[in-house]
Amino acid sequence: MTSLAGERPHSTVELSIGGMTCASCANRIERKLNKLDGVTATVNYATEKAKVLLPEDVDPQTLIAEVEKAGYTATLPEPPADDTREGAGEPEPADELASLRQRLITSVVLAVPVIAMAMIPALQFTNWQWLSLTLAAPVVVYAGWPFHRAAWTNLRHGAATMDTLVSLGTIAALGWSLWALFFGTAGMPGMTHPFAFTIERTDGSGNIYLEAAAGVTAFILAGRYFEARAKRRAGAALRALLELGAKDVAVLRDGVETRIPADRLRVGDRFVVRPGEKIATDGVIEEGSSAVDASMLTGESVPVEVRPGDAVTGATVNAGGRLVVRATRVGSDTQLAQMAKLVEEAQTGKAAVQRLADRISGIFVPIVIALAVGTLGFWLGTGGGAGAAFTAAVAVLIIACPCALGLATPTALLVGTGRGAQLGILIKGPEVLESTRAVDTVVLDKTGTVTEGRMTLLDVHLADGEDADEVLRLAGALEHASEHPIAQAIARGAAGRVGELPVPEDFANIEGLGVQGVVDGHAVLVGRPALLAEWSQHLPADLERALAEAQAAGRTAVAVGWDGRARAVLVVADVIKPTSAEAIRQLRALGLTPVLLTGDNETVARSVAAEVGIGEVIAEVLPADKVDVVKRLQSEGRSVAMVGDGVNDAAALAQADLGLAMGTGTDAAIEASDLTLVRGDLRVAADAIRLSRRTLRTIKGNLFWAFAYNVAALPLAALGLLNPMIAGAAMAFSSVFVVGNSLRLRSFT
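Predicted model only: the values in this text are computed from it and were never measured.

A. Region of interest: the overall build of the protein. The helix and strand inventory of the protein stands at 27 helices and 27 strands. Classification of the 749 residues of the protein by burial places 53% in the buried group. Of all intrachain contacts in the protein linking residues separated by at least 6 positions in sequence, the fraction that spans at least 24 positions is 70%.

Encoded structure:
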């Protein structure tokens with residue numbers, strides 16, 4: 001794909017990986033690939049991609065063969081065809097999700113009656129056990145197939161995860177039930193599961209455990225489905241970024257405008273951009289002058305004045321006059337495409353946290369298997385009989401089957417994310433929660449995050465004897481006719497204070513200086529002091545002072561004059577949100593160090609930081625450098641949360657240990673983040689971290705109690721004292737406990 005400078009014989013290949021069920025699968029594939037001579041690979045579980053640096057004499061097919069040997073699938077990227085790009089990457093995850101949904105629906109529909117019949121003696125009609133088998137078998141075999149496949153892959157590599165435990169327990173429960181039905185006494189007409197809480201030894205031939213097998217499969221599939229749905233969004237950040245560009249463009253060919261799809265632009269083409277339109281690609285202005293709103297890409301809150309010879313960036317918005325631009329970079333060379341690449345690299349490099357349950361299962365499963373084998377050997381060795389020996393050994397496997405364990409993460413996540421949604425916080429998956437506990441630094445974008453992200457009229461400084469309402473009425477009327485964002489801010493502010501504005505009788509836009517026109521018979525000028533000076537309307541000393549102070553504070557000052565005199569200075573700025581200072585205090589209370597990171601100039605950044613109480617400021621940063629700043633902080637040993645809202649934040653959000661996007665921001669930022677804050681209120685960021693930490697504590701508590709139950713019941717199973725009612729009741733109690741513990745999250749405020 002690409003060659004690295006200084007590493008001439010190497011190239012980079014990206015593989016799409018299929019069949020991974022947890023972060024340990026990604027680690028296993030990574031280790032396999034890195035064993036190949038000269039190969040360096042990173043595998044990302046969230047994006048299901050492997051980025052591989054390999055010598056040019058190594059065939060990429062070797063990598064695919066190695067991944068397949070490990071029990072997974074790998075494919076090389078589709079050849080880049082612009083019109084099919086989006087469709088090419090889509091079907092597989094969609095199919096995978098559809099398959100999981102189908103298995104989940106099947107398991108729920110079939111498992112509910114099985115559980116009901118096993119738990120409610122009144123429903124145990126003659127031969128009910130055979131109906132249970134008919135319903136439970138497809139749940140274990142078909143719906144539970146992803147667990148069995150993953151367990152087999154793990155077994156071949158000597159590893160154990162949650163999948164191993166689920167597969168082992170459900171197969172043991174189904175297998176034993178089959179034996180009891182066909183060769184024991186459980187298949188006899190009239191067999192029931194009575195509510196007899198007695199601890200006594202049985203040979204197990206009358207016991208069936210179909211409800212355990214079906215219930216566990218359904219519960220854990222539900223958790224996997226919701227997680228897979230969240231994980232699938234990881235790749236959506238790139239699609240959202242590519243969606244930002246203009247879809248079509250008016251190209252000038254022999255002086256005639258022709259509209260063509262933007263992806264058919266070539267370097268050297270001249271194209272027209274009208275006011276309000278997006279610039280189709282990176283280029284240089286050949287005709288016209290305007291203000292370009294680049295806040296989405298650069299974070300600059302003030303639109304940039306451009307004229308012939310200036311460079312402009314694709315996806316920025318032309319806020320003023322008509323421009324003719326010559327394309328200098330198209331396709332994958334544009335700044336927008338480079339940012340998409342940065343996001344992808346940041347996502348690929350971000351290590352997914354291995355599921356807590358998997359880490360525990362890795363230790364628990366070998367112990368359970370050893371205990372089951374030991375139990376079998378003990379009973380056979382002491383002459384207890386083959387029936388009793390196998391009953392005890394299988395009971396050990398069944399009781400270890402993680403019913404409560406399967407509920408521990410999904411229920412807490414479901415309640416936590418549900419409560420979060422009510423509070424305007426969208427959490428993307430369990431890995432996100434594990435990232436929140438370690439975070440110690442919060443990096444805040446300025447424009448749109450700490451500030452409102454749009455220009456607002458702040459102050460009106462008047463010359464002696466002038467009336468503020470009159471100044472706003474005349475200046476607002478003239479600015480209302482302009483499309484410039486600063487002009488619009490003045491017009492909005494004026495209309496809000498004096499009501500309806502008059503319509504100018506005459507209006508002209510003076511390039512780079514401001515506007516002039518006739519309003520209610522007055523010849524009005526609004527713009528730079530230089531515009532007023534051309535008409536011999538010089539600012540008096542007090543207005544000069546107000547103008548200098550506003551500029552020193554990083555604000556924009558606009559002079560107003562009419563009928564031969566300078567009358568006022570209007571101050572416009574991107575104002576700080578009223579809740580930002582309180583939000584910073586709340587973040588500090590959570591033990592986080594706030595850092596302000598912005599593409600805006602140093603003066604503006606320092607002024608904003610001082611007002612909200614942030615000590616550390618990093619200003620005048622390009623989008624690509626935002627990622628580097630996050631990486632630098634991480635290299636200093638900090639765990640970084642990033643809060644942003646613009647396209648320029650997307651790559652940094654993906655790189656950060658925890659990305660929080662303002663829901664009022666762009667789709668690219670939202671898709672690249674781990675948490676989305678629906679309201680544009682920074683205080684929600686503190687709430688999000690608190691809720692995430694609380695949800696994680698609940699998950700840990702659930703896991704502890706789920707395992708404690710399993711561990712406590714294992715000795716009973718090993719001694720052959722576990723009858724199905726006690727097993728079922730204990731399993732139900734542990735599940736109810738886990739659900740009840742999770743429901744406490746509903747009270748989070």
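We are not done yet, so read on.
B. Here's a closer look at the UniProt feature "transmembrane region" (unreviewed entry) in the protein. Following the UniProt record, one finds the feature "transmembrane region" (unreviewed entry) at residues 104-122, 128-145, 165-188, 208-226, 360-380, 386-409, 702-719 and 725-743. Overall, residues 208-226 shows 89% helix and 0% strand. The separation of its end C-alpha atoms is 30 Å. Secondary structure across residues 360-380 divides into 100% helix and 0% strand, with the first and last C-alpha atoms of the span separated by 30 Å.

C. A look at the sheet that holds strand β12 (residues 311-312). Sheet architecture is open: six strands sit in the order β7-β6-β8-β14-β9-β12, paired in antiparallel fashion. Each having just a single partner strand, β7 (256-261) and β12 make up the two edges of the open sheet. Where strand β8 (residues 270-273) lies against strand β14 (residues 323-329), four bridges are found, and the strand directions are antiparallel. Directly across from Val 273, in β14, lies its bridge partner Leu 323.

D. Seen up close, unusual backbone geometry. In this structure, Asp 254 takes a positive phi of about 55° despite not being glycine. Taking the relative accessible area as the measure of exposure, Asp 254 reaches 82% and is therefore exposed. Non-glycine residue Ala 315 carries a positive phi angle of around 80°. As for its placement among the helices and strands, Ala 315 is situated in the loop between β12 and β13 (317-318). Its relative accessible area of 1% is what places Ala 315 among the buried residues.

E. Up close: the pairing of strand β19 (residues 514-519). Relative to β19, strand β18 (residues 506-510) runs antiparallel, the two being bridged by five bridges. Bridge pairing in β19 links Ala 508 to Gln 516. Between β18 and the antiparallel strand that follows it, β19, lie three residues; Gly 512 among them carries a positive phi value of about 75°. As judged from the six bridges shared by β19 and strand β20 (residues 522-527), these two strands associate in the antiparallel manner. Of the residues in β20, the one forming a bridge with Gln 516 is Leu 525. With antiparallel pairing between neighbouring strands as the criterion, β19 and β20 make up a hairpin whose turn holds two residues, including Asp 520 at a positive phi of roughly 50°.

F. Up close: the sheet that holds strand β22 (residues 565-576). Spatially, β17-β22-β21-β20-β19-β18 is the arrangement adopted by the six strands of the open sheet, whose pairing is antiparallel. Strands with a single pairing partner mark the edges of an open sheet, and in this sheet they are β17 (451-462) and β18. Averaged over neighbouring strand pairs, the angle between their axes works out to 20° when direction is ignored. Taken strand by strand, helix α18 (residues 485-498) contacts β17, β21 (556-562) and β22, and its axis lies near 65° from that of β17.

G. Inspection of the packing of aromatic side chains at higher detail. One pass over the full model with this rule turns up five aromatic pairs. Plain terms: the ring middles of Trp 705 and Phe 737 are 5.4 Å apart, the flat faces sit at 65° to each other, and that makes the pair edge-to-face. Separated by 32 residues along the polypeptide, Trp 705 in helix α26 (residues 683-718) and Phe 737 in helix α27 (residues 724-743) bring together distant segments of the chain. Since its relative accessible area comes to 31%, Phe 737 is described here as partly exposed. Feature note: the residues Phe 704, Trp 705 and Phe 737 constitute an aromatic cluster, connected by ring pairs. Residue placement shows Arg 103 over the ring face of Tyr 142; its charged tip is 4.8 Å from the ring centre.

H. Region of the structure containing the nonpolar core. Ile 208, Leu 210, Phe 364, Val 368, Val 396 and Leu 714 are the most contacted members of the largest nonpolar core, which totals 55 residues. Those elements that provide at least two residues to this core are α4 (91-119), α5 (128-143), α7 (162-182), α8 (210-231), α12 (356-381), α13 (386-400) and α26. The contact partners of Val 368, leaving out residues within four places of it in the chain, are Val 396, Leu 397, Ala 400 and Leu 714.

I. Just the confidence of the model for the protein, in detail. When pLDDT is averaged along the protein, the result is 82, and 85% of the positions lie at 70 or above. Across residues 1-8, where pLDDT falls below 50, the model places twelve contacts with residues more than four positions away in sequence or in other chains. Within the model, pLDDT remains below 50 along residues 80-92, and this stretch shows eight contacts once partners closer than five positions in the same chain are excluded.

J. Geometry of the packing of α13 against α26. Look at α13 against α26: their axes get within 8 Å of each other, and the N-to-C directions meet at 170°. With respect to their mutual orientation, α13 and α26 come out roughly antiparallel. Together, Ala 392, Ala 395, Val 396, Ile 399 and Ala 400 of α13 and Tyr 709, Asn 710, Ala 713, Leu 714, Ala 717 and Ala 718 of α26 make up the contact between the two elements. Within the contact of α13 with α26, the residues separate by chemical class into ten nonpolar, one polar and no charged.

K. Geometry of the pattern of salt bridges. Evaluation of the coordinates by the stated rule reveals 25 salt bridges. Two residues, Lys 49 and Glu 14, come together in a salt bridge whose shortest N-O distance is 3.9 Å. Placement of Lys 49 in strand β4 (residues 49-55) and of Glu 14 in strand β2 (residues 7-18) is noted, with a sequence separation of 35 residues between them. The salt bridge involving Glu 636 is made with Arg 632; its shortest N-O contact spans 3.2 Å. Take Arg 632: its relative accessible area is 40%, and that puts it in the partly exposed class. If you follow the salt bridges from partner to partner, you end up with Arg 270, Glu 286, Glu 287 and Arg 326 in one network.

L. Up close: a nonpolar patch on the surface. On the surface, Leu 178, Trp 179, Phe 182 and Phe 183 cluster together into a nonpolar patch covering about 440 Å² of accessible area. Within the element layout of this structure, Phe 182 appears in helix α7. Note on Phe 182: relative accessible area 51%, which makes it exposed.

M. Molecular detail of the environment of Val 643. Tracing the sequence through the fold places Val 643 in strand β25 (residues 640-644). In the structure, Val 643 is positioned 33 residues away from Thr 676 in sequence and 9.5 Å away in space, judged by C-alpha atoms.

N. View of the layout of surface pockets. Size it by volume and the second largest pocket reaches roughly 740 Å³. For the lining of the second largest pocket, the elements supplying multiple residues, two or more each, are β10 (290-293), β11 (304-306), α18, β18, β19, β20 and β21. In terms of residue class, the lining of the second largest pocket is built from 16 nonpolar, twelve polar and seven charged.

O. Looking closely at the pairing of β21. Taken across its seven residues, β21 has seven buried, putting it largely inside the fold. Alternating positions in β21 separate into two faces, Thr 556, Val 558, Val 560 and Trp 562 on one and Ala 557, Ala 559 and Gly 561 on the other, with burial throughout. Taken together, the seven bridges between β21 and β22 define a ladder with antiparallel strand orientation. Paired with Thr 556 across the two strands is Val 572, which belongs to β22.

Analysis parameters
Residues numbered from 1 in each chain as written. Predicted model: local features only at pLDDT ≥ 70, side-chain atom pairs only at ≥ 80, totals over all residues. Heavy atoms only, no water. Helix = DSSP H or I, 4+ residues; strand = E, 2+ residues; numbered from the N terminus. Buried < 20%, exposed > 50% of the residue type's maximum accessible area, 1.4 Å probe, protein only. Contact = heavy atoms within 4.5 Å. UniProt positions renumbered as here; feature names shortened; annotations may be inferred. Pairing = 2+ DSSP bridges. Axes fitted to C-alpha atoms, helices over the stretch in contact; angles between N-to-C directions. Phe/Tyr/Trp six-rings, centres within 6.5 Å; stacked < 30°, edge-to-face > 60°. Lys NZ or Arg CZ within 6 Å of the ring centre and 35° of its normal. Core = buried A, V, L, I, M, F, W, Y, C linked by side-chain atoms within 4.5 Å. pLDDT = per-residue confidence, 0-100. Parallel < 35°, antiparallel > 145°, perpendicular 65-115°, else oblique. Nonpolar A, V, L, I, M, F, W, Y, C, P; charged D, E, K, R; others polar. Salt bridge = Lys/Arg side-chain N within 4 Å of Asp/Glu carboxyl O. Patch = residues over 30% accessible without salt bridge, like charges linked within 9 Å, V, L, I, M, F, W, Y side chains within 5 Å. Areas by Shrake-Rupley, 256 points an atom, 1.4 Å probe, with all protein chains shown as cover. 1 Å grid on protein atoms, 1.4 Å probe; cavity = no way out; pocket = protein on both sides within 12 Å on 5 of 7 lines; lining within 4 Å. Points joined across faces, edges and corners; volume = space filled by probe spheres on them.

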